[in-house]
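Structural description and commentary
Chain by chain, the residues:
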Amino acid sequence: LAESYEERPVDLAEVSSATLAGLDALILLGPTNRLDDRAVFALDQALLAGKPLALALDSKRVEMRSIMGSPLDLGLDGWLRHVGLTLTKNLVLDLQNQKVQISAQQGFMQITNIVDYPAFLVSNNLNSEHPVTKGLDSLTFPYVSPVEISTAPGAHAAPLAYSSRRSWMRQDWDRQFARLSPFDVLAPTPDDPKGPFLLGAVVEGKFTSYFPEPPKKVEGPKKDDKRKSSPPVVSGSTALTASEVEQ
């Protein structure tokens, strides 16, 4: 991406109309804290200004020392529903996955093994017609959440990636803590929802502002502002990184 574009960080809480005018695209990659109204408003205005958006979002905060996943509220649920997408508060596991290396101490010896890790699923069910995923053989999605589509009239969605038919969601992880250690047995139970699950999508069409009024001290559009905007690309994992987003 750096070979074709100039990359620079943007503080969404401080974005102005002038800042948006100088951007060709906006990527929100793996935020770990709740976005305030000013930050969500900046995304809203970028969409209305016709700026391509790429959102790689997580629904669980994974602590790598304990490998536990806890609920993560990014403050984007309402805005995502407004543009026609919902990020499910759960994680997909898949028997089609990436192997990982794990080590364990046994006495004076350290034992290393290569094991399957269903939390790092590999998708080869990609949309070969869409520019975002065209030409890709597969994508790895670590700790990914399903995306649901509920587009409003005047908009339509294109799916980008699905998990395999051997995927599932742990029913008891919905809005709860998730044990994700590779040492644990991650296997489906009869009651767990089964895949395939949608992992990423693009929504395009005519969008209106999510905000009836701009947040305080922020410049915003009129209430009746409605435009055909560049589509947001949304993935339920930080796996869909900038290097896979093409114009």
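The following refers to the structure shown. (Residues numbered from 1 in each chain as written. Predicted model: local features only at pLDDT ≥ 70, side-chain atom pairs only at ≥ 80, totals over all residues. Heavy atoms only, no water.)

What about the overall build of the protein?
What counts is decided by this rule: The helix and strand labels rest on DSSP assignments: H or I over at least four residues marks a helix, E over at least two residues marks a strand, and numbering proceeds from the N terminus. We call two residues contacting when some pair of their heavy atoms lies within 4.5 Å. For the area figures, the Shrake-Rupley method with a 1.4 Å probe applies, and any residue is considered shielded solely by the protein chains shown.
When you go through the protein residue by residue, the secondary structure sums to three helices and 17 strands. Counted over contacts in the protein with a minimum sequence separation of 6, partners at least 24 positions apart contribute 74%. For the protein, the computed accessible surface area is about 13300 Å², with 49% contributed by carbon and sulfur atoms.

Focus: the environment of Asp77
Note the threshold: Residue burial is assigned from relative accessible area. The probe radius is 1.4 Å, only protein chains are included, and a residue is buried under 20% of its type maximum, exposed over 50%, and partly exposed in between.
Turning to its location among the elements, Asp77 is positioned in helix H3 (residues 77-83). On the basis of relative accessibility, which here comes to 27%, the residue Asp77 falls in the partly exposed class. Sequence separation of Asp77 and Leu87 is ten residues, and the distance between their C-alpha atoms is 7.4 Å.

Quick word on the packing of aromatic side chains
Going by this rule: Here is the rule: rings of Phe, Tyr and Trp (six-membered ring for Trp) pair when centre to centre is within 6.5 Å. Planes less than 30 degrees apart are stacked, more than 60 are edge-to-face, and the remainder are tilted.
This model, assessed by the stated rule, comprises five aromatic pairs. Centroid distance Tyr210 to Phe211: 5.3 Å. Interplanar angle 80°. Geometry classified as edge-to-face. The class for Tyr210 is partly exposed, based on a relative accessible area of 34%. Among the aromatic residues, those joined into a cluster by ring pairs are Phe41, Tyr210 and Phe211.

Some details on helix H2 (residues 37-48)
This is how the line gets drawn: Expected span of a helix, by definition, is 1.5 Å for each gap between consecutive residues, and there is one gap fewer than residues. For this analysis, a polar contact is any N or O atom pair within 3.5 Å, provided that within protein one partner can donate a hydrogen and the other can accept it, and provided that sequence-adjacent residues contribute only side-chain to side-chain pairs.
Spanning twelve residues, H2 covers 16 Å between terminal C-alpha atoms, matching the ideal 16 Å at 1.5 Å per step. The buried fraction of H2 amounts to ten of the twelve residues, a majority that puts the element mostly inside the structure. Listed as buried for H2 are Ala39, Val40, Phe41, Ala42, Leu43, Asp44, Gln45, Ala46, Leu47 and Leu48. Among the residues of H2, the N-terminal cap falls to Asp36, whose side-chain oxygen and the backbone nitrogen of Arg38 are separated by 3.2 Å. Phi turns positive one or two residues past the end of H2, at Gly50, with a value near 85°.

What to know about the environment of Ser138
If you trace the backbone, Ser138 turns up in the loop between strand E9 (125-126) and strand E10 (139-142). According to the relative accessible area criterion, Ser138 is partly exposed, its value standing at 37%. Placed 13 residues apart in sequence, Ser138 and Asn125 show a C-alpha to C-alpha distance of 7.5 Å. Beyond its immediate stretch of four places on either side in the chain, Ser138 contacts Val122, Ser123, Asn124 and Leu126.

Quick notes on the nonpolar core
Going by this rule: Remark: nonpolar core denotes a set of buried residues (Ala, Val, Leu, Ile, Met, Phe, Trp, Tyr, Cys) joined through side-chain atoms within 4.5 Å.
Core analysis: the largest hydrophobic core is formed by 33 residues, its most contacted members being Leu12, Leu28, Leu35, Leu43, Leu57, Leu76 and Trp79. Contributing elements (two or more residues each) for this core: strand E1 (26-29), H2, strand E2 (53-56), H3, strand E5 (85-87) and strand E15 (198-208). For this core, the leading source of residues is H2, giving eight residues. If we skip the residues at most four places from it in the chain, Trp79 touches Val40, Leu43, Asp44, Leu47, Leu53, Leu55 and Tyr210. Formed by 15 residues, the second largest nonpolar core is a distinct cluster that contains Leu91, Leu93, Ile102 and Phe120.

Some words on the pairing of strand E8 (residues 109-123)
Inclusion rule: Pairing between two strands is assigned when DSSP locates at least 2 bridges connecting them.
Two elements, strand E7 (residues 97-106) and E8, share ten bridges in a ladder whose sense is antiparallel. Paired with Gln106 across the strands is Met109, a residue of E8. Between E7 and the antiparallel strand that follows it, E8, lie two residues; Gly107 among them carries a positive phi value of about 65°. Pairing between E8 and E10: four bridges, direction antiparallel. Bridge assignment links Phe120 to a residue of E10, and that residue is Pro142.

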